[in-house]
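Here is what each chain is made of, one letter per residue.
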Amino acid sequence: MADPPGCCSTCATCLLCPYSCQWITAKKEKRKGLRTTKYDCSWFFFLFCVFLFTLVWLYFAVIILNDFHNFNEFIFRQRKLWLDWSLVLLIATAVLISYSSVLLVLALCLQLCGQPLKLHWVHKILLILTALVVAAAFTGLGIKWAEEWKSARISLQATGPFLHIGAVGGMTLLAWPLASFIYRTRSTGVKVFLLLVYCTAMIALYLAPLGITSPCIMEEEQLPPKPALVGHRGAPMLAPENTLMSLHKAVDCDVQVFETDVMVSADGVPFLMHDEELTRTTNVQAVFPERAALNSTAFNWTDLQQLNAGSWFLERRPFRTVQSLSPGDRKEAAKQRIPSLGQALEAAKQSNISIMFDLRPENHSDYQNFVNVTLEVILQSGIPLQQVLWLPDGFREDVKQQAPGVQHIYGRKRLENEMEPVLHVNLPYQDMSSEEIRQYRQDNISVNLYVVNQPWLFSVLWCSGVSSVTTNACQVLKEMKRPIWLLPSSTYFMIWIVVDCFSFLIIIWAFVLMK
């Protein structure tokens, strides 16, 4: 097999060496007997599949970054080890995708140069390991974090049009090595099979926009108002979560609601705390080492006031934004204490924002008393009751009787033939489709979705018409003046036709040129 014009002996040798892991000169007499066999082709096909597999995982890895803080918290509760595992995920994924990409590019270039595709056994083992690692990652995702499959579905509404363009571009570039292989092989059956597969794939890609839907394909004047921001435990990227500093930082981000979690101390004082244990967000292991593993409700208010609720934030850096804090903010964060619900209500009242909270733990034997003391604090605080958003389902009827002005937020969708209309719902963003959001909006039902941190996700929900979102990244979403992208349907149709036509012409040119 002679080298095609433009592919010098040195270039062919340099391509063959890293792919085959042996220095074979490109001279014909020294390559005698070396040719691409069916066995070699099967390994090339496996390489291509591994590349696609890792590419899909890379997409998933980027998508799940929105929820990765929850994974970090889960690992800490299980292992008492804090680490930003998103960095580990991205680095490992980058290594896998880079390795398979380099091998695939080498193989395609070798095919264009007419060189044999003799993949070395080391690469074969590494490719099998890559496939197993990615398969294990997908399996773990499906078992422990199944809701992320719904996140991927939502993400396609944000990326679908651009994935289509990228897929068409990638498959179009494959026309060159495919044409080279078809013109060199003597088997008519192989030629017909490859052409049928390639043509079928391209036709499917050309028609893919018929099945692509996105709420952001709309006219500018149809765009709903920007969703209001709800600070998830305040502004946890800028201050220790569930502290007064976090509340004030959230106010600076123009949030309309401070979302928090309330527990009741052993002596009946409601305070802000998310975890059932104090180990993650306080220095309880240093102050009360023998009681560190106890439930938060086992401590009285005097004990809780001895704990520091901010030093962990500076030491563990739960978000990368901690590194950019000013010296003044660092000093203030280091002094934070666990606030009582009364202090949080007073701060919310002064800042004129609403406060929404869960009362934990709902399975506590004294939960009804928790509800009563919490209502007592709310009524004594003087905050307008319409600024209090009540999330707990337990003893909701008692709450309606004792504090009729409180707004009730339901953590479920509305039911058929509901006796009392549901006016506010609070759900994970994965649990509502764009169609449901639009329907609730038409029925004047306020929809708050959590936890939304990434601009792409905020954009999709904005276009869908959601009322508000709970976020860790209020400082990021605050700056968004419009969704990341917004395309009129006519513009998207024009882009679709132009891309498909351009791709078709390039494929024809590639086959003519290679002949």
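Residues numbered from 1 in each chain as written. Predicted model: local features only at pLDDT ≥ 70, side-chain atom pairs only at ≥ 80, totals over all residues. Heavy atoms only, no water.

Draft legend 1. Fine view of the domain arrangement of the chain. Per the domain assignment, the segments making up the chain are domain 1 (9-25 + 35-214 + 493-513) and domain 2 (228-478). Once you take the C-alpha centre of each, domain 1 and domain 2 turn out to be 42 Å apart. Facing the 22 residues of domain 1 at the interface are 23 residues of domain 2. For the pair domain 1 and domain 2, the summed buried area comes to about 2,000 Å², and 52% of that belongs to carbon and sulfur atoms. Of all residues in domain 1, the largest losses of buried area upon contact with domain 2 belong to Asn66, Trp82 and Ile154, amounting jointly to 30% of the total for that side. Between domain 1 and domain 2 we count five salt bridges in total. Two residues, glutamate 73 and arginine 233, come together in a salt bridge whose shortest N-O distance is 2.9 Å. Counting every contact that joins domain 1 to domain 2 gives 11 residue pairs in polar contact (both at pLDDT 80 or more). (Domains from an automatic or database assignment. Contact = heavy atoms within 4.5 Å. Buried area = accessible area lost by both parts, 1.4 Å probe. Salt bridge = Lys/Arg side-chain N within 4 Å of Asp/Glu carboxyl O. Polar contact = N/O pair within 3.5 Å; in protein donor to acceptor, adjacent residues only side chain to side chain.)

Draft legend 2. Spotlight on the nonpolar core. In terms of nonpolar packing, the biggest core is built from 43 residues, with Leu449, Phe458, Leu461 and Val469 touching the most fellow members. Among the elements of the structure, helix H2 (38-63), helix H6 (148-173), strand E7 (424-428), helix H17 (434-442), strand E8 (446-450), helix H18 (455-464) and helix H19 (474-477) are those that each provide at least two residues to this core. Broken down by element, this core gets its largest block of residues, seven residues, from H18. Not counting the four nearest positions on each side in its chain, phenylalanine 458 is found in contact with Lys226, Pro227, Leu229, Val452, Val469, Leu477 and Met480. With 33 residues, the next largest nonpolar core counts Tyr19, Ala131, Ala179 and Tyr206 among its residues. (Core = buried A, V, L, I, M, F, W, Y, C linked by side-chain atoms within 4.5 Å. Buried < 20%, exposed > 50% of the residue type's maximum accessible area, 1.4 Å probe, protein only. Helix = DSSP H or I, 4+ residues; strand = E, 2+ residues; numbered from the N terminus.)

Draft legend 3. Broad picture of the state of the cysteines. Tallying each qualifying case throughout the model produces one disulfide. Paired through a disulfide, cysteine 216 and cysteine 463 show a sulfur-sulfur distance of 2.2 Å. The sign of the 95 degrees torsion about the S-S bond sets the cysteine 216-cysteine 463 disulfide as right-handed. Residue cysteine 216 is found in the loop between helix H8 (188-207) and strand E1 (228-232), and its partner cysteine 463 is found in helix H18; the two are separated by 247 residues along the sequence. Classification of cysteine 216 by relative accessible area gives buried; the value is 2%. Free cysteine cysteine 41: the closest other cysteine sulfur is in cysteine 49, separated by 13 Å. Judged by its relative accessible area of 27%, cysteine 41 is partly exposed. (Disulfide = S-S within 2.5 Å.)

Draft legend 4. Region of interest: the UniProt feature "transmembrane region" (unreviewed entry) in the chain. The UniProt record marks residues 41-65, 85-113, 125-143, 163-183, 192-212 and 492-514 with the feature "transmembrane region" (unreviewed entry), using the residue numbering of this structure. With 97% helix and 0% strand, residues 85-113 has its two end C-alpha atoms placed 42 Å apart. The distance separating the terminal C-alpha atoms of residues 492-514 is 33 Å; by composition the span is 100% helix and 0% strand. (UniProt positions renumbered as here; feature names shortened; annotations may be inferred.)

Draft legend 5. Structural context of the environment of leucine 156. Structurally, the position occupied by leucine 156 is in helix H6. Using a relative accessible area of 42% as the deciding quantity, one classes leucine 156 as partly exposed. Here the alpha-carbon distance between leucine 156 and serine 214, two residues 58 residues apart in the chain, equals 8.0 Å. Setting aside residues no more than four positions away along its own chain, leucine 156 makes contact with Tyr59 and Leu163.

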